[in-house]
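Each chain is listed here by its residues.
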Amino acid sequence: MWGFGGNGRRRLLGALGLFGVALLGLMGGSAQAETLPSVGCQIIKIYYFQSDNLSGLNASTSHIIDGPFSAGETITITGQPIENIKSDTNVLVQASGRHAFVDAATGVATLVIEASEVASSITLFVATNSVGAADFTYSCTAAEAPATSTTTLSSSLNPSVDGQAVTFTAVVSGFGGSGAVGGTVEFKDGSDSLGSATLSGGVATLTTAVLAVGDHTITAVYSGNSDFPTSTSPQLIQTVTAASNDSQHLSEVQGQGSTLVATTTGAATSDAVAGAVEDGFGSSGQTFAMNDNGFRLAFGPEKGTDNAASGAIARNDPRWNVWFDAQQSGWNVDPGASIAGNQTNAIAGIGFRPNATFVVGALAGYERFDYGFASLGGRLTGSGWSAGGYAGWRPDDGPRLDVSVVRSSIAYDAVAGAATGSFSGVRWLGSAGLSGALAAGAFTFEPSARVYGLWESQAAYTDSLAVAHAANEFGTGRASGGGRVTWQNPIGGSATLSAYLGAFGDYRFSQGGAAASNGAVSFIDGWSARATTGVSVRWSSGATLGIDGELGGVGGGYVAWSARARAGLPF
């Protein structure tokens, strides 16, 4: 019998006697091997094959060696030298779909069982194409597979950029041993050691950021232990490229662009709130009103019925008003920065006037932007949503005060050269304004002072070049003062034409964090002048059409513009 002893390791015990009489028929017929009546022996049948036609190898001509087997075990076929055979004679040994020819002089053939061939049994064939070969005898032994180990190596980032951290991971697997794979792995750059790590669960890792620019031949060498021998991984070529300025420029695009986005939204929101409060205090139910930067569409569906005394609502004043404000803005910033782009802000709200001196309301807004940075090879795009509230106070038709608080959530997409990245921001905005009106015939002078400030926090992110960008925070704002002159004139008996001109002085300020310090828009900070103008027509039905705009940055070294178009219909 074939014997296999000890915890899964087999050794084919004994000798298998084969005594084959090669009295084989012509034309490729098969002949049975003579069975030796030896106790404990099994017979491998001898099969005659003609030329290289092996189609006759089948179960009736095979011998089964019981398993299961382990990868790395060998089956050795050993026999006496073959005599009296033709010069073209071959004796074939085939197992697991592979075959080897017995050396005619030594009578030896060896087959190694591979990992993919581990099974419950191995089918073995022995055959010859020699018609007149003398009798010969073979024995088979199965050698126990020696313990082996294999080591594989991988990189977390390949290629990498100079200065970037790269983690190498070695995985060690053991075969044939009785214990667990343990010990250490040394990571080497050519012949230089990068360091060693202890195996845990067959895995060892090493992180390094000291590889110089160029190609590095990395290997992992397993130290071995009492159960498994040492092994070395195949070579891994780690490529380290020179650091580019693209990731740095991406940070500058982030710092400069997001500050421009924020300050534009701050101005649009502050002006929209001023107009909403003005609408709330309107006494004629008019469907349009002007702030220092444009007209707004306003609707006043509910008329008050209370007495105007002691803060009550006047009979003809709207108690509720719904409004919409849209603005298209653009920047052209130079020197040095070469920034140009545009932004859309759309804000809608509803206000309520509980008495003659107080207005409260809620608003929601949407913004979308696209800015280019020629000197950085960059671009910043994105969009966001806002929500907040506002309030206004005007005692006895005196100066009007308004305040607001608004929260925004913004999604940014940035690119600079080969570096791209996406990050999010959360912004808080606060604004306050004080304004009045002085009438003189067909003209009205409206002085005002306004200030807004905001703070934005941006999440950390990793760009497409695997460079990490830290979380960023910044603040920005604007304080302004000035006034406008409005002129009204009836036209056609059923409409009124209104036009205004305004001039304001602005002081912009900002405070930056990590990204802003790499390119804050400090070049727009400081003093500048701004001019505004607009025209509107209001029909007796209450319908309105109007356009208006502004030009800012005068004297500040940059150009900031905005434009509005609006239409209104009361209900």
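Residues numbered from 1 in each chain as written. Predicted model: local features only at pLDDT ≥ 70, side-chain atom pairs only at ≥ 80, totals over all residues. Heavy atoms only, no water.

Draft legend 1. Looking closely at the packing of aromatic side chains. Across all of its chains, the model carries seven aromatic pairs by this definition. Pairing W323 with Y390 gives two aromatic rings, centres 6.1 Å apart and planes at 65°, and the pair type is edge-to-face. Within this pair, whereas W323 is found in strand 20 (residues 320-333), its partner Y390 is found in strand 23 (residues 378-393), the two being separated by 67 residues in sequence. There is no split in this pair, since W323 and Y390 are both buried. With a centroid separation of 5.5 Å and an interplanar angle of 45°, the aromatic rings of F369 and Y412 are classed as tilted. Separated by 43 residues along the polypeptide, F369 in strand 22 (residues 358-373) and Y412 in strand 24 (residues 400-416) bring together distant segments of the chain. Relative accessible area serves as the criterion here: at 1%, Y412 is assigned to the buried category. Ring pairs connect the aromatic residues F369, Y412, F423 and Y461, which therefore count as one cluster. (Phe/Tyr/Trp six-rings, centres within 6.5 Å; stacked < 30°, edge-to-face > 60°. Helix = DSSP H or I, 4+ residues; strand = E, 2+ residues; numbered from the N terminus. Buried < 20%, exposed > 50% of the residue type's maximum accessible area, 1.4 Å probe, protein only.)

Draft legend 2. Representation of the pairing of strand 30 (residues 472-491) within the structure. Where strand 27 (residues 443-458) lies against strand 30, 16 bridges are found, and the strand directions are antiparallel. By the bridge assignment for strand 30, L454 is matched with T476. In this structure, strand 30 lies alongside strand 31 (residues 495-511), joined through 17 bridges in antiparallel fashion. When the sheet's bridge partners are listed, I491 is paired in strand 31 with A495. Adjacent in sequence and paired antiparallel, strand 30 and strand 31 are bridged by three residues, among which G492 carries a positive phi angle near 65°. (Pairing = 2+ DSSP bridges.)

Draft legend 3. Examining the confidence of the model for the protein chain more closely. When pLDDT is averaged across the protein chain, the result is 74; 64% of the residues are at 70 or more. In the predicted structure, residues 1-62 sits below a pLDDT of 50 and forms 145 contacts with residues beyond four places in sequence or in another chain. In the model, residues 514-520 has pLDDT below 50 throughout and makes 15 contacts with residues more than four positions away in sequence or in other chains. (pLDDT = per-residue confidence, 0-100. Contact = heavy atoms within 4.5 Å.)

Draft legend 4. A look at the pattern of salt bridges. One pass over the full model with this rule turns up nine salt bridges. R379 serves as the salt-bridge partner of D370, at 2.4 Å between the closest nitrogen and oxygen. (Salt bridge = Lys/Arg side-chain N within 4 Å of Asp/Glu carboxyl O.)

Draft legend 5. How the structure looks around helix 1 (residues 246-281). With 36 residues, helix 1 extends 52 Å from end C-alpha to end C-alpha; this agrees with the ideal 52 Å at 1.5 Å per step. Counting buried positions along helix 1 gives 34 out of 36 residues, so the element sits mostly inside the fold. (Expected span 1.5 Å × (residues − 1).)

Draft legend 6. Molecular detail of unusual backbone geometry. Cis geometry marks the peptide bond from N158 to P159, where omega comes out at 5°. Relative to the elements of secondary structure, P159 occurs in the loop between strand 9 (148-155) and strand 10 (160-161).

Draft legend 7. Representation of the side chain of R353. By secondary structure assignment, the location of R353 is in strand 21 (residues 339-355). Taking relative accessible area as the criterion, R353 reaches 3% and is therefore assigned buried. Of note is the side chain of R353, whose polar atom sits 3.2 Å from the backbone oxygen of N355. A polar side-chain atom of R353 sits 2.9 Å from the main-chain carbonyl oxygen of A356. (Polar contact = N/O pair within 3.5 Å; in protein donor to acceptor, adjacent residues only side chain to side chain.)

Draft legend 8. Focus on a nonpolar patch on the surface. On the surface, F358, W393, L401, V403 and L434 cluster together into a nonpolar patch covering about 430 Å² of accessible area. Position of L434 relative to the elements: it lies in strand 25 (residues 419-435). (Patch = residues over 30% accessible without salt bridge, like charges linked within 9 Å, V, L, I, M, F, W, Y side chains within 5 Å. Areas by Shrake-Rupley, 256 points an atom, 1.4 Å probe, with all protein chains shown as cover.)

Draft legend 9. Quick peek at the nonpolar core. Of all hydrophobic cores here, the largest spans 22 residues; its most connected members are V253, W331, F369, F373, L380 and Y412. Within the residue set of this core, elements represented by two or more residues are helix 1, strand 20, strand 22, strand 24, strand 25 and strand 34 (558-568). Excluding its chain neighbours within four sequence positions, the residues that come into contact with F369 are V261, N342, Q343, L380, T381, G382, S383, I410, A411 and Y412. Counting 18 residues, the second largest nonpolar core, distinct from the first, contains A170, V172, V185 and Y222. (Core = buried A, V, L, I, M, F, W, Y, C linked by side-chain atoms within 4.5 Å.)

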